[in-house]
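# Reading the structure
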Amino acid sequence: MNTFFDLNIQVQPEHIDSLGHVNNVVYVAWMQQVAEAHIEALGLGLKQYQELKHAMVAVEHQVQYRKAAFEGEELILRTWLYDINALYSYRQYAFYRPQDQTLLFTGQTKWACIEIATGRPKRMSPTFTQAYQPISAEINPMDFSTI
């Protein structure tokens, strides 16, 4: 699958901080949540990680908070893979509020393949490299106009 993946969510009361908007650490949790949903859709969830004895773990995040989100709002969490090599995959994110067509957040994560038993780096198996295909160059993942 060489396209993006969307997860629709609604902002809950527990996402809100003392300033009345979504807390910044919630966005990072959403990065994890949408990445996990994406790999499940690709057929490489926790069960498969355990069977293969290796997994992907986050080693670096870059984030940009653009606009605030508020309780009750419907959001689209979008993610896609944009690069891969033997040890790393690179994933990007865009969180969007369709109500007013606002891009709230962008980010990226560098994921490393590790052997679960030791935590040491491991080359990705063909199962991983076949599933973790970068997004097609013809697709603009930042185009939310078709939703």
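The text that follows walks through the structure, step by step, so that each part is easy to find. (Residues numbered from 1 in each chain as written. Predicted model: local features only at pLDDT ≥ 70, side-chain atom pairs only at ≥ 80, totals over all residues. Heavy atoms only, no water.)

## Observations regarding the packing of aromatic side chains
Enumeration according to the criterion identifies 13 aromatic pairs in this entry. A centroid spacing of 6.4 Å and a plane angle of 15° characterise the contact between Y27 and F95, whose relative ring orientation is stacked. With Y27 in helix α1 (residues 24-41) and F95 in strand β4 (residues 88-97), this residue pair connects regions lying 68 residues apart in the sequence. By the burial criterion, Y27 is buried, and F95 matches it. Here the aromatic rings of Y88 and Y90 are separated by 6.4 Å at their centres, their planes lie at 45°, and the arrangement is tilted. Assessed through its relative accessible area of 19%, Y90 is described here as buried. Each member of the aromatic cluster is reached from another via a ring pair, and the members are Y27, W30, Y65, Y93, F95 and F105. We note R78 situated over the ring of F144; from NZ or CZ to the ring centre the distance is 4.0 Å. (Phe/Tyr/Trp six-rings, centres within 6.5 Å; stacked < 30°, edge-to-face > 60°. Helix = DSSP H or I, 4+ residues; strand = E, 2+ residues; numbered from the N terminus. Buried < 20%, exposed > 50% of the residue type's maximum accessible area, 1.4 Å probe, protein only. Lys NZ or Arg CZ within 6 Å of the ring centre and 35° of its normal.)

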